[in-house]
Amino acid sequence: MSGAGRPAVSLNGSRGAADGPAVPLSPEDLAESAVRAVAAGADEVLVHPRTPCGRESLSPRVVGPVLEVLRGAGVGVPLAVPASIGAEPDPAQRLARVRAWTVLPDRALVHFAEPGAAELARALLERGVAVDAVVALGGPAGPKALERLRSWLVRERGVGRAGVRVVAEVAAGPADEQTTGPALPAGLRGLPPQALLLFGRDGASWPALRLAGRCGTAARTGVGDVLRLPDGRPARSNAELVAAARELLPRAGDPA
């Protein structure tokens with residue numbers, strides 16, 4: 001699990017060729033990018049599997065081969081995929097796809113703002129796949145997703161049970177003010193830091209990573225989240241972003 005100065009890396013996210021050469025596209029490019037990101041210090045890899053035409057998919061015929069290529073390339077850290085509306089709009093079909101997977105990821109992201117999230121998370125846990133329960137802090141989603149997640153966690157007897165982790169997206173704009181202090185945002189207080197991962201996208205990415213470092217939670221970077229380094233220069237690769245993140249995160253054994 002990501003932490004102690006070693007971030008997770010989002011290899012591609014919703015990016016495409018128009019976002020520049022740092023975005024890996026083919027399974028082989030994804031594998032090479034993952035290997036280099038892990039060598040730079042990433043200890044989890046998030047990949048958005050895509051069809052040859054570039055569409056996100058939860059099909060076993062798409063998810064399985066991508067995972068096999070990454071593992072075959074020697075990526076030994078946990079692999080995660082998103083089980084979201086971007087890959088399959090229909091909740092029943094998302095559930096069916098996940099239950100049909102023949103090659104399993106180590107973790108799967110479930111967005112609690114999306115319909116059917118609780119059922120999908122339970123199906124993943126039953127298959128032995130750890131769940132990253134995604135909620136947004138601030139932004140248009142509002143507090144409903146977090147409230148829905150909290151209710152589900154109560155039914156699951158707590159966030160630390162059965163491989164469930166809360167993945168909180170810090171929104172850009174006014175929510176960036178939450179990253180200026182040492183404390184977790186109010187909606188997450190009371191949850192153990194080891195069961196949390198904080199991340200942001202684009203302008204919120206580096207403030208969120210710094211907040212994660214101060215609060216002792218896991219963090220995430222990668223071109224799926226951000227295309228620029230902390231100094232504003234375009235990132236050339238996922239490995240470069242991971243190396244920059246490690247410079248900002250406390251290492252194991254560092255004083256608090």
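For the structure itself, consult the block above.
A brief look at the structure comes next. Remember, predicted model here, so these are calculated numbers, not experimental data.

Cut-offs used in this document
- Residues numbered from 1 in each chain as written.
- Predicted model: local features only at pLDDT ≥ 70, side-chain atom pairs only at ≥ 80, totals over all residues.
- Heavy atoms only, no water.
- Helix = DSSP H or I, 4+ residues; strand = E, 2+ residues; numbered from the N terminus.
- Expected span 1.5 Å × (residues − 1).
- Buried < 20%, exposed > 50% of the residue type's maximum accessible area, 1.4 Å probe, protein only.
- Pairing = 2+ DSSP bridges.
- Right-handed = clockwise from strand over helix to strand, strands pointing away.
- Phe/Tyr/Trp six-rings, centres within 6.5 Å; stacked < 30°, edge-to-face > 60°.
- Lys NZ or Arg CZ within 6 Å of the ring centre and 35° of its normal.

**Examining helix H1 (residues 27–40)**
Then step 1. In a regular helix each residue adds 1.5 Å, so 14 residues correspond to 20 Å; H1 covers 20 Å between its end C-alpha atoms and thus fits that length.
Then step 2. Where H1 ends, the next residue or the one after it, Gly41, has phi of about 130°, a positive value.

**Things to note about the pairing of strand E5 (residues 130–137)**
In regular strands, side chains alternate between the two faces of the sheet.
Then step 1. Taken across its 8 residues, E5 has 7 buried, putting it largely inside the fold.
Then step 2. Direction of pairing for strand E4 (residues 107–111) relative to E5: parallel, over a ladder of 5 bridges. The residue bridging His111 from the neighbouring strand is Val134, located in E5.
Then step 3. With respect to chirality, the unit in which E4 leads through helix H4 (residues 117–126) into the neighbouring parallel E5 is right-handed.
Then step 4. Where E5 lies against strand E6 (residues 164–170), 7 bridges are found, and the strand directions are parallel. Note on E6: the bridge partner recorded for Ala133 is Val166.

**A word on the packing of aromatic side chains**
Then step 1. Tallied over the entire structure, the rule returns 1 aromatic pair.
Then step 2. Taking the centre distance of 5.3 Å and the plane angle of 45° together, the rings of Phe112 and Trp152 count as tilted. Here the residue Phe112 occupies a position in the loop between E4 and H4, and Trp152 occupies one in helix H5 (residues 144–155), the gap between them amounting to 40 residues.
Then step 3. On the accessibility criterion, Phe112 (0% relative accessible area) is buried.
Then step 4. One cation-aromatic arrangement involves Arg220 over Phe199; the distance from NZ or CZ to the ring centre is 3.8 Å.

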